[in-house]
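Examining the three-dimensional arrangement
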Amino acid sequence: MEQQQQQQQQKSAAHVSKLFVCTAVDCKDEIEEKFERSFINLQQQIAGLSDKEMHDVLSQLVCKDKHHEEISVGFLYVLLTDPDSAPKTYRDITLVSRDGMNVIVANLTVLVAEKYAKLTDIARRQLIWVLREFVKHQVLSVENVIWNCLRQAGGGDASIRNVFLVESLLDIFIDYRTWLEGNPFLVQSTVYSYVRLIEDHANPALMPLRQKEVKFTISLIRERFHDIIPLGRDFVRLLQNVARIPEFEQLWRDILYNPKSLHPTFNGIWHLLQIRTSRRFLQCRLLPEMERKISFLASSVKFGTQKRYQDWFQDKYFATPESHSLRSDLIRFIINVIHPTNDMLCSDIIPRWAIIGWLISSCTNPIASANAKLSLFYDWLFFDPAKDNIMNIEPGILVMYHSIRNHPFVSSTLLDFLCRITKNFYVKHDDKIRMGVYNSLKLILDKQVIPNIQPLFESPKLDRELRNLIRENFREFVSSPTSNVGQSVGYPLTHSIQAATTFKKDTDQQRTVLEHVDLPIIGFSHNSATAFTLVDEGNKVTTQLTTERDNAFSDEEMENVGKTFKNEENTDDDDDLPLSKVRLKEKPKVELSEAIAESFDTFITKRNSFTWEAFLKDLRPLPASAFEEYQLNYVISNTVIIMRETLPPHHNIFSESKTDEKCLAKSISYPLYGLFRFLYENEEKIKKPFQTLLSEICHRIPETRFLLLYFMKIHCKLQTRKNSQQSYQFKTNIYRQICDATDNKIGDCLVRDLDLLEQENTAIYLWLLPDIYREFKSIATNNTELLRITLRCIDAKNVRDIIYSVAQGKLTIFKQDGLIDCIRESLDFETYEQFCLWQLVQAHDVPLKSIQDLLPELEAGNHPEALSHFLLLLKNEEPTNEIIRLILSREAKSRGDPFVTSALRFWYQRYEEKLSEIIASLLTSKYPSSSPNKRKRPSKGGSIVTSSPSADQVLNHLEHYRRSCRHGSGTGLYVHDMMQRALQAAYSHSNESTKKQFSDLFALAAEDETTAVGRRGGSGRGRKQPVSKKDNNNHSTSNKKNSELVKTIYSSDENSSEEDWSKHKITQAAKKRKKAVNDSD
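On a predicted model such as this, the values are computed, not experimentally measured, just so you know.

So, on to the pattern of salt bridges. Taken as a whole and judged by the stated rule, the model has 44 salt bridges. In this structure, the salt-bridge partner of Asp 121 is Arg 161, at a minimum N-O distance of 2.8 Å. On the criterion of sequence distance, the pair formed by Asp 121 in helix 7 (residues 121-136) and Arg 161 in helix 9 (residues 160-175) is long-range, its members being 40 residues apart. A residue is classified by how much of its surface remains accessible, and Asp 121, at 35% relative accessible area, is partly exposed. For Arg 161, a relative accessible area of 42% corresponds to the partly exposed category. Asp 200 serves as the salt-bridge partner of Arg 196, at 2.9 Å between the closest nitrogen and oxygen. Its relative accessible area of 8% is what places Asp 200 among the buried residues. Via salt bridges that share partners, Arg 233, Asp 234, Arg 237, Arg 332 and Asp 379 belong to a single interconnected network.

Dropping the structure here:
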């Protein structure tokens, strides 16, 4: 039995692969088996052999084709799984291979294309190492492997693994730029891929990578523009999405206004727009696995059974915020690459238009939705029947035609987009764009893609404004439906677009605002309510596009579509229902627990706060066992849709008044606030289903948590007004409950939510600020991230109001403990932000002792704001041993430290004797009397090492202070007894170089009985030259000879008369002290 168990263990161990990540249910396919088998055979051939013997054996085996491939694949397996032996293995391959590694490159290409997703992390890192070696040694056909690796660098994916691959390939391209430029197709694929990937790397954490990508891509585009031109119109579409990046903005300027600077044969943007992009470039932006899945969906799945495939695809590839950008790539691939045969078109296979309709309708990001619509109609704008394929325009018309009955909102939004993009995409060539759209519609009718266009263009489900817009743009197809549209009828040019035209529907939909345009629209913004502007310096023409967020598929937008039907909720005709309700009706009925079934149906029907809270009351006590997974998913998905759709537009989400009770109450009357109200009134611990629902709402509606903070502010305010005798406080445990439901730390959530709130509405953020600091005191106080959010958005009036709140005791931003760390982190803030910070610090009456340890760390060149404030604080303090120690611990530059000098000069005016004694005491402590000829070095473990200045630092600061003394002002610091003795001690214990360096400073010390301080840094044993009567007479007459003598004696850069004066004064004071001593004796 034991032997059988051992054999089974050995077999199971043999199946463990070092190259692939396999689960228990995975079956090895042909590729995996081939690599495993080749590795095992190679090990059997070379086991126990020396290097020479191994080379001899393998050289004989590779003469046979079968063994040659097997040995090559075995070596490739070792390269990818054993980093330590990889260099030696690579050397062995070069010695054994007889085809220039052609077999290895071919198998590696297949491996990357088919099995990259299953490779282990070690194998992925080794793959990059192998590619580097292949490129370095100019191995043939390695560009095929690189191209397949580029395909694996997927768009819409900011995961660590994907970012590693993107950055690793970028490093290879940068390091081996010459090799790359020798492959024009690879240059084109690289530029196309990285321009697309840059769009996804807007996360601040990825900014270094993004900057490196931008720098490389821009240089490659400019230097190899003749290779870039064949990329065609889809390259322009990608450039639109990154147009706000400064480097790409400048590239746009050159494309629009100075095309010849890029290449002599380049004639401008219309040159690119006329070129159809190759399918290979569209294909390279989809993962091979994703391409197989979408191709299977379009070729093998029957229409009506596609939902489970679409749900799987949604969960697999659209699970992250960045993944929304993938929809445009998929639509362009489906339109241009997947062209079904006539047999497939006649079968019950799901048509392309249905897949595209699903991709567009399921998109919740407004920017990605706009880009997806552009991808759908992109070929329409430049369509030429002579050279373009009707299959590229067929999905667009079929989506609109088949959706008008059951999904009129989809058709109306697409028609509206087509009308507006036709007029506004490129006004300079407006006639050409309109002709492209006209040619598309004409060919569609000629080829009978749809039998008649009137049911679409004249549908009563389209609102009146849209029908008028269609008649204005497509009057040849609407005004005379019986006329022969096959005749070549050209579109007359429309009037020029007026400046600042605003397209707005009665439903308050937010539309694109277009300033006066004589240029193509440059992309859709990736930040709501922001604009990109291009200015022609010569003609002063400005193109500005502002894209704001619009909530897709909201009931308010659908009211006008079906306004001719009054009883929408009571009819069974799907045509008369808003799309959101149609979608709910189309979903299969899911049986729920009796405890919640009735209340949930009522909530779905009425969609208000009262029915929502009633449902929550029924849901809260239910345990996890009351739900199957599909039931809970059904509840969550419908709830999130209603929550999102019932929220008002972003610009109306907050109350306009902070005092009007009606406005405040109305602003928190929506169902999402009903959830907060319910949690406010029911604080007991929640069960798993309720927690899951709460987590999903927070995940899918990012505004949830900061709206909770807003709700608590309003709720407390209204309740306090109703009952003035009772004070209502924030219930921060509710916020903590939501953070726990999402498995996030409350501190991280608070900063992230307040950041979003500030970006959404600065006034509301500042209104909530005192409550945040009061209720989340332990988290908010001294929080640098929260402080940065506040400082970046305030102006002078806001600073004033915050200081008022601090003075009244309503707001406390800082506390003494830990404040120094907060200030240290703020030293990198902008100048205005730091000035505001110091005003807030001053408003809190922070004592100097709590932040004075920062003094030695501040640099004059990098921290002028902090030094300015510290100097003002020091002016209100008396000099103490601690403060002087910290100040003199600052690094003394060659030109001195103006901060130290300014502080000492100020204190000298008020505390001359005290200041002199403190500095003298500090200097004397550096020269213990027990060792007059050797300076003491403090122990490395002591605190003095980091906080106490060295003797050289003290002398340096005293020297620069001496130089700042003009006309004798300030030299009294050196007259006092302790300072004199300190300077003498310093002189006695200094080496020759120090004596020479500070000779002018030491000269200020009077001679004593045992030591004379030399002026010129001599041996120190001689006597100082006394000031003779002759010198005094010469000084009084100021003759030329005395001037030269003084210049010889004094080596400082100050005026010689000032030096003479100070020396004379100090000498006289010393003589008086000696006389007093003799008298006492």
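Evaluated as defined, the whole model comprises 42 aromatic pairs. Considering the side-chain rings of Phe 313 and Trp 358, the 6.1 Å spacing of their centres and the 80° angle between planes classify their relative orientation as edge-to-face. With Phe 313 in helix 19 (residues 307-317) and Trp 358 in helix 22 (residues 352-361), the pair connects residues that are 45 residues apart, well separated along the chain. Its relative accessible area of 2% is what places Phe 313 among the buried residues. Judged by relative accessible area, which is 12%, Trp 358 ranks as buried.

Another point: the layout of surface pockets. To find leftover empty space, a probe the size of one water molecule is rolled over the atoms. When its volume is computed, the second largest pocket comes out at roughly 760 Å³. Looking at the second largest pocket, it is lined by 29 residues, and the ones nearest its centre are Ala 117, Asp 157, Leu 287, Glu 289 and Lys 316. Mapped onto the lining of the second largest pocket, the elements with two or more residues apiece are helix 6 (102-115), helix 9, helix 18 (288-300) and helix 19. Examining the composition of the lining of the second largest pocket, we find that four residues originate from one element, helix 18, more than from any other. When grouped by side-chain class, the residues that make up the lining of the second largest pocket number 13 nonpolar, six polar and ten charged.

So, how was this worked out
- Residues numbered from 1 in each chain as written.
- Predicted model: local features only at pLDDT ≥ 70, side-chain atom pairs only at ≥ 80, totals over all residues.
- Heavy atoms only, no water.
- Salt bridge = Lys/Arg side-chain N within 4 Å of Asp/Glu carboxyl O.
- Helix = DSSP H or I, 4+ residues; strand = E, 2+ residues; numbered from the N terminus.
- Buried < 20%, exposed > 50% of the residue type's maximum accessible area, 1.4 Å probe, protein only.
- Phe/Tyr/Trp six-rings, centres within 6.5 Å; stacked < 30°, edge-to-face > 60°.
- 1 Å grid on protein atoms, 1.4 Å probe; cavity = no way out; pocket = protein on both sides within 12 Å on 5 of 7 lines; lining within 4 Å.
- Points joined across faces, edges and corners; volume = space filled by probe spheres on them.
- Nonpolar A, V, L, I, M, F, W, Y, C, P; charged D, E, K, R; others polar.

Geometry only, nothing functional implied.
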